[in-house]
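# Architecture at a glance
Letter by letter, the chains look like this.
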Amino acid sequence: MKIFAIIACKLTRLFLRAIGRGGTALPGKVALRICPGLLSYLAKDVNTVVITGTNGKTTSSRIVEQAFIQTGKSYFANKSGANLMTGITAEFAAHATIFGKPKCENAVIECDEAAAKAVLKALSPKIVLVTNIFRDQLDRYGEVTHTLENIRIGLSAVPEALLCLNADCSLTASLAEDLPNRAVFFGVNVPIYKNRVAEVSDAPYCIHCKSEYVYDYVTYAHLGGYRCPTCGYARPQPEVAVSRIISQEADGSRIEIDDRGNKYTAGINLPGGFNIYNAVGAFTALTEFGFTPDEAVNALGGFECAFGRMEKFDFGRSPIRMILVKNPAGCNQVLNFLTNLDGDAVFVVCLNDNYADGTDVSWIWDVNFEVLLGMGERLKKVVVSGIRADDMALRLYYAGIDGDRLEVIRGGDELIEAMAESDAPVFVMPTYTAMLDLRGRLSEKYGVSRFWE
């Protein structure tokens, strides 16, 4: 049965790729229908690093993957972003013989936080990196405590896995309290932004006694130096932390990482404060896996951004960056990045409400779009597109973006043409399916690599 399932998976993937489809999830669905326990069988002889959490999974995975590339270690990864049970199963089957023997020694797997309770048990990973926990797609995940519980259930099934946990996230850090796993904390010991966007906190109250947290500093959202004045629950001291932010530029950052008293200067090959967290989390996972600190630092400066995550295109008059958004915290961080840049900019928001995006788009009202007004004349135009373009236009209207600078472009090809003709740098914020649509059109028109490549 296992052999038949693997063959069916491989053939389905081969057929879908031949006709120009991604073949990232359906092959795994076919295989699991034939053999429900196939992933456990395929993963049993693979050293796996799993990255889960709300934001930063894909970028963190690409940093970890880069260390394997640069050191020549045998590995595979679900770089297409298919991070549910079906997509992960398809990836393991693709990198195994028809008898289920792995072709690679190691795997770097991004795992959806809702799927973690089943996937972690099947994978029995060596290391699990939990990036953070934020409110995300209420129709799929519910409130943050539900997401936290999904991850907790998954981790409870793999007590031998080493946990790399974000000390600055009060929700994530709490996972270490009632699990037997050894945990290593990472964090950022200093504020990130000089001018931080005002945000709605997803976790303002103590997870234990419900008192309001006091913060010694805030990096963004609910992350930072929190402590409860009533019960004493507080940010644990991280073993690995960003001790200094040396510089933040339009194309990357330079930071100092303190790894248990040893300090390393690292360049991060992507801009934005959220990528500083991705970097220190990935550094921690890599060194715990067995890479040297120098190898981990090299990965931070050498990785290529994942599709849609600060991805840069040069097909137009000016550079274009595509930055996936899916929840208030992530969107506010993009605004932090954008409003702290020098120079002119055109801002594009593509809002869809398909299942993969989250059908509830009310989260856009918790994003502080009002900060765009502070850019003044540097903000040349704001363009909205996507299935829910009218909702997005209304939100921006109430944020104070006047009609002269606000434009609705409904067609994908027309949007790409407008971006290509812009004289100012363009920053595109699409939701997931809007991103796939745009990249598909870019692949056809400009030869941009397809999302699974």
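So, here is what we can say about the structure in this document. In this text, all values refer to a predicted model and were calculated from it rather than measured experimentally.

Our focus in this paragraph is the pattern of salt bridges. Scanning the model with the defined rule gives 24 salt bridges in all. Residue R388 is joined to D391 by a salt bridge in which the shortest nitrogen-to-oxygen separation is 2.9 Å. D402 is the partner of R405 in a salt bridge, and the nearest nitrogen-oxygen pair spans 3.9 Å. Here R405 falls in the buried class, since its relative accessible area comes to 17%. Assessed through its relative accessible area of 36%, D402 is described here as partly exposed. One connected set of salt bridges, linked through shared partners, spans R182, D259, R260 and E288.

Our focus in this paragraph is helix 1 (residues 2-18). Here helix 1 is 17 residues long and its end C-alpha atoms lie 24 Å apart, about the 24 Å a rise of 1.5 Å per residue gives. For helix 1, the set of buried residues is A5, I6, A8, C9, T12, R13 and L16. Considered in projection along helix 1, the buried side chains sweep an arc of 165° and stay on one side of the axis. Away from the buried face of helix 1 by more than 90 degrees, exposed residues F4, L11, L14, F15 and A18 are located. The inward-facing, buried residues of helix 1 contact helix 2 (26-34), helix 3 (38-43) and helix 5 (85-94).

What follows concerns the packing of helix 2 against helix 5. Axis separation between helix 2 and helix 5 bottoms out at 7 Å; the angle between their running directions is 90°. The pairing of helix 2 with helix 5 is recorded here as roughly perpendicular in orientation. Contacts between helix 2 and helix 5 involve P27, G28, K29 and L32 on the former and, on the latter, M85, T86, T89 and A90.

Two modes of strand pairing occur in sheets, parallel and antiparallel, and in both the strands are linked by backbone hydrogen bonds. Reading across the sheet, the nine strands line up as 2-3-1-4-5-6-9-10-11 and stay open at both edges, with mixed pairing between neighbours. In this open sheet, the two edge strands, each paired with only one partner strand, are strand 2 (75-77) and strand 11 (262-268). Each strand of the sheet is rotated relative to its neighbour by a mean of 20°, with strand direction disregarded. Here three bridges tie strand 2 to strand 3 (residues 106-110), and the two strands are oriented parallel to one another. If you follow F76 over to strand 3, its bridge partner there is A107. Against the sheet, helix 5 makes contact with strand 1 (47-52), strand 2 and strand 3, and its axis sits at roughly 160° relative to strand 3, the strand it touches most. Sheet strands touched by helix 6 (residues 116-123): strand 1, strand 3 and strand 4 (127-130). Its angle to strand 1, the strand with the most contacts, is close to 165°.

What tends to happen in soluble globular proteins is that the nonpolar side chains get buried as a cluster. Core analysis: the largest hydrophobic core is formed by 134 residues, its most contacted members being F92, L123, F347, F369, L372 and L396. Here this core gets ten residues from one element, more than from any other, and that element is helix 10 (residues 273-289). Ignoring any residue separated from it by four or fewer positions in sequence, one finds L123 in contact with L39, A43, T48, V50, I88, F92 and I109. Counting residues in hydrophobic clusters, the runner-up holds 21 residues, among them I409, V426, V428 and L442.

With that settled, the discussion passes to the packing of aromatic side chains. Applying the stated criterion across every chain, the model contains 15 aromatic pairs. Note on Y220 and Y277: the rings are 5.8 Å apart at their centroids and 80° apart in plane angle, and the pair reads as edge-to-face. Taken as a pair, Y220 in strand 7 (residues 214-220) and Y277 in helix 10 lie far apart in primary sequence, 57 residues in all. Comparing Y220 with Y277, the two get one shared label, buried. Residues F337 and F427 carry aromatic rings whose centres are separated by 6.0 Å and whose planes lie at 75° to one another, so their mutual orientation is edge-to-face. Of this pair, F337 sits in helix 12 (residues 328-339) while F427 sits in strand 17 (residues 426-430), placing them 90 residues apart in sequence.

With that settled, the discussion passes to the pairing of strand 4. Successive residues of a regular strand alternate their side chains across the two faces of the sheet. Side chains I127 and L129 project from strand 4 onto one buried face, and the interleaved V128 and V130 project onto a second face that is buried too. By the bridge criterion, four bridges tie strand 1 to strand 4 in an arrangement that is parallel. Its bridge partner being in strand 4, V50 is matched across the sheet by V128. When strand 4 meets strand 5 (residues 162-166), the two strands line up parallel, connected through four bridges. When the bridges of strand 5 are listed, V128 appears paired with L163.

What counts and how
- Residues numbered from 1 in each chain as written.
- Predicted model: local features only at pLDDT ≥ 70, side-chain atom pairs only at ≥ 80, totals over all residues.
- Heavy atoms only, no water.
- Salt bridge = Lys/Arg side-chain N within 4 Å of Asp/Glu carboxyl O.
- Buried < 20%, exposed > 50% of the residue type's maximum accessible area, 1.4 Å probe, protein only.
- Helix = DSSP H or I, 4+ residues; strand = E, 2+ residues; numbered from the N terminus.
- Expected span 1.5 Å × (residues − 1).
- Arc of directions from axis to C-beta.
- Contact = heavy atoms within 4.5 Å.
- Axes fitted to C-alpha atoms, helices over the stretch in contact; angles between N-to-C directions.
- Parallel < 35°, antiparallel > 145°, perpendicular 65-115°, else oblique.
- Pairing = 2+ DSSP bridges.
- Core = buried A, V, L, I, M, F, W, Y, C linked by side-chain atoms within 4.5 Å.
- Phe/Tyr/Trp six-rings, centres within 6.5 Å; stacked < 30°, edge-to-face > 60°.

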